[in-house]
Every structure is written in structure tokens, then in C-alpha cells.
Amino acid sequence: MNKTKTLMLGLALTLMTAPLATLAKGDGTGRIEFGLGNLSLDNPSAAYGQYSGLENDTPVLLLNLDMEVINDNGDYAELGIEDFGLDSRAMGIETGSYGRYRLGFRHSELVHLYASDAQTPFNGAGTDSLTLPGGFTTADTVGGMSDLAASLQPVDLAVTRRANEAVFQYFVDKSWSVALNLSREERDGLQEMGGTVGHFGRDTASTILPKPVDTVTSEISASVNYLQGPLNARLEYGLSRFTNEHTSLTWDNPFEEPCAPVGAGPCAAYPATARISLEPNNQMHRYSLSGGYDFSATTRLSALFEQSTLEQDDELLPYDVAGVAGAALPRSSAQAKVDVTHMLLRLTARPLQRLSLAASVRQHETDNQTPSDLFLKVDNDTGSQQASGSSEALNNLAYDSDRTTLDLDGSYYLGRGTTLGLGLQRQEVERSHRAVAETTEDTVKAKLRTRLGGKVSMRLGYRVSARDGSGYDDARVFSDRHSAAYQATNPSAPDNFDTHPQLRQFDIADRDRDELSLSLTTMVNMATMVGLHYRSREDDYGQSTLGLQHDDYDNLTLDVSYSPGERWNAYMFLSQETRQMRQANRAFNTIGGGPAASPWDNADADWRADHDEEVTTLGLGGDWTVIRRRLDLRFDYVLAESSNDIRMQGGSFFSTPLEDLPTMKGKRHTLDLAAVYQLQRYTDLTLGYQYERFSTEEFFLDGLSAADPSVDEVLLLSGAEPDYKASLIYFSVAHRWN
């Protein structure tokens, strides 16, 4: 057992005794609930039980506990249990004395289900080596694998997360305190992961693999805190360490090379065995100093300085599984190291009774010390190693960034419940190994808070920003990535590129953004409150000939609450979200010539996709005291409906018009009914019913199942999750005390 786990276990045992002794000393407050339920599902569904673990018909145990004791000396103890009868549950216990110390421990478990029908022909699921059964017939398509159906075996695609956290805080005196936090998170199970074999992405075949998950994330942070008069300060150290029991995944390849690549060129055989790397072990050290000083009751200066070091030095996998003679790596391990510096300085002041000002500067800088070397891959695990003058002889790039953000904000009270706010922001970013070396974004902000006619409260906000770059030049990335030997004979040119010269990456492209928010709330009468809320964002990439050209978002929400008296109240909300995006690109392929070929600069081969997404959510409910201090009824209903349309349009190069993609839809109904009967003053009986119905239409998944033969070159691990109807009826007894 490692030291961190031993220390946390010792703290947990300590915490289980000290709080219970305090709890036993006197009266406290608390609530305990115990009940039973029964879940009925018309189809097994990982979607329904995605984070609860409930995916089949099953009885359900309900157990919740919350209790607290505080004595006259300020000593206290708390104990809580949440959803103890489910696979996803939590328990916490804490003890302490106000102003003296605090000691706490929390354990939680969370199950994440990914699929309910997963099947694989591989043996060894859960390990880092997947093998096909003896005599398995490989083929160039899934349908040609004659042994596949007989070889399939179910696998449980789910990951369980178990987290433990311990916290200790001790107050040395009125000014000084120290704190220690320990946490450990274990994740184990299976996830989906794609593994691909092939050559240049043309004659490829993919297998969806059951990826083993067996990781531990351990964190520790220790801090010293000071608070005296106008000065507060905090010095903190943190360590985070991630370990993975599986560094790679190897699998037998079920596909044979069809030997029909697009265009000219030899047919490279598929490897018999393939391998892919998994998340590497890594760690981070963090040092932080923060604090603030109150110059007066209206002026405060706060500051933060943080330095982090991220390291990862796992051994690099060989270029191929079989081991091609002479295929040596430029270095044996990752040797990855990044230093991150984060600084913040903020001044707030109220020089006048009605005027408030705030100014801040934030600096975030990365110093990537990972070495950059030339990697000469082995093509498809079966060919020879690339020569240094090849287009696929590539340097790994150590990305850096330096971000500076300046903010200036002010607000002025105009009187009669009206406040006007204005602000400016400038963000400058320098990046290495990107097509744009520097970007500058300027933002102007305005907000208004007021009352209209004495009854309506209004909040209005508007932001406009413009991001401009130093010039888009993908050739600088080309020269960083490719070897000097390759560039000597193949320099960067309009017809020799990695990324199309007219394509703009949206995170560094020039962009104009407008944001608007409006909120209106009013009391119609003493019983009714109505709110109307609107938010919008418009992003315009006017200089992007290819790439994302615009991205617009709108949200409109109406909410109403009605409380005519103490015995009942009701609510309703209706929300609609829309998002519209346009993505432009160009079809070009000069490999092999022929009628399908199109040069890179042929604008007639441009195409675009217009995305229209819409989500509508309706909710209504309420509660009614039928018999005072005896019987209460509760009702909640939510309907969420979404749709996604993608409309296609192409130039004259395309011999037939591009077809719009089928509409994708989703709908979920959720109903929650409960009757609460007060058996005694502090004892309640609850009879409840929950219903959920979910359906989707997704053209790329509908009708597919695990290992579906209709998908020629992808061996699926699971299919579409089925629509479902779920009903849960439960009965519980709850007792309160104080």
C-alpha cells in the first residue's frame, strides 16, 4: 500500500472516531431517509443510467443521512450519506471546533456507463493486449469476417471513479492558520477507443477497441494563511501525480489489405499486430503566493503569483510493433517539461460614493522545454523507415504561448435605482509554431441596471470585440515541422503545404464578436413574478475564405412563478437556444490525376456546410399542501427537444448537387410525482413516481449494432443506444430531529 493511501486511511479512521464521540454527547439536528423502489426499463439503456449505474430492471435501495451536532464550546461534528443504495454515492464526515481546527473526510463513487450492447471478438478485454480467437478469418471488410459473429463476446463499457478526499485546517492564533488537503482518485473499467491501420488515410481500416482504464490521480496541497487587519496572504504548494497502469494497447488486426488504394502508388500490407499509446504518467508541481491589502474601506489591492512545472518522461514506443532494423528513435523518452507562470494584479476603488473603479493585469506564460527532434516513422508498421528527406520526416513541436490581459472597469450610480457600467479590455497573445504569431483582441463593455416604472427590473449588457492577427502564414509552421533535407528540395510554396493556404483556424483567425444580454423581471402582483431573459453572441470571421465563417448563438428564456398563499405554488419556464454556423472548405485531390482530381486553387470545388441547431426546453411544476401539516403533493415535468440540420452546398466542380444531411433529433420527457404524508411531527412517508422517455434520430448511428457488417471498414464495438421508457416507483420513510 503506497504512502498516500496509508495516510488517507489513517485520517479516515481518526475521523470516524472523533466526530462520532461529539455526535454522541448531545442533541443535534439531522434527517435520515430509508426507502425501496423498483425501476422498470423497456430497453436496457446506458443512456438512462449514464451516471447512476441503473441500466436494467432492478430494485432500488434509498438511503440518505444528514446530521450535525454543535455544543456550547463550539465543537461540532457532521455526518452525511448520499444515495448509498446506488452505484454512484458519497459519504462525508467532519469534525472541528470553530476558530480552532477542522478535520474532514469524503468518499465518493461515480459510475459512467458508455454502452449497453458492447461486443468484441477480442480476448483480453481489460488488459493491454487484445488477441483474436485462434483460427479467426481476417478479411478486407467486416462482412467478410466469417468467424466474427461466433467470436463476439459481451464487454461492460463502463468506468468507475472512486475518490477520497481529506482536509485538515488548524488555526494557530487569530492571524495564522495552516491547511492540508489530500485527494486520491482511482478510475477503472473499459472505454471505447479507435485503432486504425492503413496508408496515408486512404486505404485505412479501423477497429473500435475496448480500452483498459486503470489510473490513479493523487493530489496534495499545503498552505499557510495570514489575516491581520488590512492584510491577508496565502502561501501554497501543490503536487498532482497521474499514473496509468497501461502505457499502450496492442491488438491483433482483423483486417486484410484490400490492395486498392485511391490513385497511384503501391499497396502497403496491413500489419498483423498494431499498437497505440495510452495516457502517459505525469506530474505537476505548483507554488502559489496570493494576498491582498486594504488601503482604506474603499480601496483594495490584490495580487497572485503562481509557478507550475509539468513533467512527463515515459518511454517512447518504437516506431513499429515488429521492429524494423535500424528504425531508431531520436530519443528514448518524452523528456517533456513545461513551466507555467501566472500573475495577476488587481486594484479596486470607490473614489466617490457613486463611482466604483477596477483595474487589473493578468499574465499567463508557458515555457515549453520539451526537446524538438526529427522523427522518421515506419509507414503502416510494415514498410521501411522514412528518409530524412521525406515529406513524412517530421519534427515534434514544443508549443508556447504568452498571454497578457488588461482590464479597466467602472460603474456609476445615476440615481433612482440606475447604475451605468463601462469597461475596456485588451488581450495580447504570442504563440510559437502557429500560423499567426501574435493576436490582439480589444473589447468594449457596457452594462445598465435600472428599474422601469417602479415595477420592472432591467439588466442590459453589451460587449463588442475585434481580434486581429499579425498575418496568417502557415509556411512558418511548415518550416518548423519539416526536415531541412525535405525543404531543400521541396520548399513551402502555394502548391506545397500541410494546411490549405486559404484555410483559417478559428482560434487564431481574425474575428469580430458582438454579445448582448437583456434581463427583465417584474412582480405582476403579490403572487406572480415574471422574468424574460435574452442572450446572444455573433462571431464573424470575415477574413476566412475557408474554415469557420460565422458562429451565432441566441437564448431566450421566459420564467413565471406563482405563489398565491402558503398552501401552494407553481412555476413554469420555457427556453429556446439556437446556434447557426457556417463552415467552408474546398475539395482538392491531385493524386493520380483523372476526372476526380481537382487542383488546390480551384474555387469551383468550394463547398460549405450550414449548421442550424435548436434546443427547446419546457418545464412546469409546483407543490400543494392538501392538508396542512399532514399531506403535500409535488409535481415536476420537463420536456427537452433538440434538432440539428446541416445544409450542404457545392460549386460547379461537383457533378451532382450536394445533398443536405438528414435532420438529427432528440427528445426527452421527465415526470416526477410525489406525495408526502406526515405520519408524526418529525416523520414523513413519501410515495413517488418518476417517468422518463427518451428518443433520438441520428442518421450516422441509427440501425447499427456491434460488429455491424454494413460498415465495411470499421469494426464497431457498440451500436446506437436504443430509445427507452423508464418508470421508477418508490416508497420511503424520513425522520428528522432537532
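Structural data are supplied above this passage.
All values reported here derive from a predicted model rather than from experimental measurement.

Give me the lowdown on the nonpolar core, citing residues and values where you can.
One finds L148 and F255 to be the most contacted residues of the largest nonpolar core, which totals 20 residues. Secondary-structure elements contributing two or more residues to this core are β10 (176-197), β11 (205-228) and β13 (248-252). Once residues within four sequence positions are removed from consideration, L148 is found in contact with P121, F136, V142, A707 and L715. Core analysis: the second largest hydrophobic core is formed by 12 residues, Y48, F694, Y724 and Y730 among them.

Report on the pairing of strand β22 (residues 418-431), specifying residues and quantitative values.
Examined bridge by bridge, strand β21 (residues 401-415) and β22 share 14 bridges and lie antiparallel to one another. From the neighbouring strand, T404 faces β22, where its bridge partner is E428. Here β21 folds back onto β22, and the loop between the two strands holds two residues, one of which, R416, carries a positive phi near 55°. Sheet topology note: the β22/strand β23 (residues 438-452) ladder contains 12 bridges and is antiparallel. Within β23, the residue paired with V429 across the bridge is T439.

Could you give an account of the sheet that holds strand β7 (residues 129-130), with specific residues and numbers?
Taken in spatial order, the three strands make up an open sheet running β7-β13-β14, and their pairing is mixed. With partners counted over all chains shown, the strands left at the sheet margins are β7 and β14 (273-277), one partner each. Across two bridges, β7 lies against β13 in parallel orientation. Bridge pairing in β13 places L130 opposite W251.

Pulling in residues and values, what's your account of a negative patch on the surface?
Where like charges cluster on the molecular surface, the negative patch consists of D42, D57, E697, D702 and D723. Mapped onto the elements, D702 comes out in the loop between β33 (683-697) and β34 (714-715).

Give me the environment of A706: which residues, what numbers.
When you line up the elements, A706 lands in the loop between β33 and β34. By relative accessible area, A706 is classed as buried at 8%. For A706 and G719, which are 13 residues apart along the polypeptide, the C-alpha to C-alpha distance reads 5.1 Å.

Summarise the side chain of E441; cite the residues concerned and give the values.
Its place among the elements puts E441 in strand β23. By relative accessible area, which is 13% here, E441 ends up buried. A polar contact is formed between the side chain of E441 and the side chain of S465, at a distance of 3.3 Å. There is a polar contact of 2.6 Å between the side chain of E441 and the side chain of R511.

So what's going on with the environment of Q335? Which residues, and what values?
Tracing the chain through its elements places Q335 in the loop between β16 (299-312) and β17 (336-352). Taking C-alpha positions, Q335 is 44 Å from E55, a pair spaced 280 residues apart along the chain. Setting aside residues up to four positions removed in sequence, Q335 forms contacts with Q312, D313, T370 and P371.

Explain the layout of surface pockets residue by residue, including any values.
Size it by volume and the largest pocket reaches roughly 800 Å³. R275, I276, S277, L317 and P318 are, among the 34 residues lining the largest pocket, the residues nearest its centre. If you list the elements that add at least two residues to the lining of the largest pocket, you get β10 and β14. In terms of residues, the lining of the largest pocket owes the most to one element, β14, which gives four residues. Of the residues contributing to the lining of the largest pocket, the split by class is 17 nonpolar, eight polar and nine charged.

I'd like a rundown of the packing of aromatic side chains, residues and numbers included.
For the coordinates displayed, the defined rule picks out 13 aromatic pairs. Arranged with centres 5.8 Å apart and planes meeting at 65°, the rings of F497 and F588 form a pair that is edge-to-face. Separated by 91 residues along the polypeptide, F497 in the loop between α4 (484-489) and β25 (503-504) and F588 in the loop between β29 (568-586) and β30 (606-627) bring together distant segments of the chain. An aromatic cluster of at least three residues, connected via ring pairs, comprises Y48, F694 and Y724. Residue placement shows R89 over the ring face of F84; its charged tip is 5.8 Å from the ring centre. The cationic tip of R504 hangs over the ring face of Y472; the distance from NZ or CZ to the ring centre is 4.1 Å.

Cut-off values and rules
- Residues numbered from 1 in each chain as written.
- Predicted model: local features only at pLDDT ≥ 70, side-chain atom pairs only at ≥ 80, totals over all residues.
- Heavy atoms only, no water.
- Core = buried A, V, L, I, M, F, W, Y, C linked by side-chain atoms within 4.5 Å.
- Buried < 20%, exposed > 50% of the residue type's maximum accessible area, 1.4 Å probe, protein only.
- Helix = DSSP H or I, 4+ residues; strand = E, 2+ residues; numbered from the N terminus.
- Contact = heavy atoms within 4.5 Å.
- Pairing = 2+ DSSP bridges.
- Patch = residues over 30% accessible without salt bridge, like charges linked within 9 Å, V, L, I, M, F, W, Y side chains within 5 Å.
- Areas by Shrake-Rupley, 256 points an atom, 1.4 Å probe, with all protein chains shown as cover.
- Salt bridge = Lys/Arg side-chain N within 4 Å of Asp/Glu carboxyl O.
- Lys, Arg positive; Asp, Glu negative; His and termini not counted.
- Charge placed at Lys NZ, Arg CZ, Asp CG, Glu CD.
- Polar contact = N/O pair within 3.5 Å; in protein donor to acceptor, adjacent residues only side chain to side chain.
- 1 Å grid on protein atoms, 1.4 Å probe; cavity = no way out; pocket = protein on both sides within 12 Å on 5 of 7 lines; lining within 4 Å.
- Points joined across faces, edges and corners; volume = space filled by probe spheres on them.
- Nonpolar A, V, L, I, M, F, W, Y, C, P; charged D, E, K, R; others polar.
- Phe/Tyr/Trp six-rings, centres within 6.5 Å; stacked < 30°, edge-to-face > 60°.
- Lys NZ or Arg CZ within 6 Å of the ring centre and 35° of its normal.

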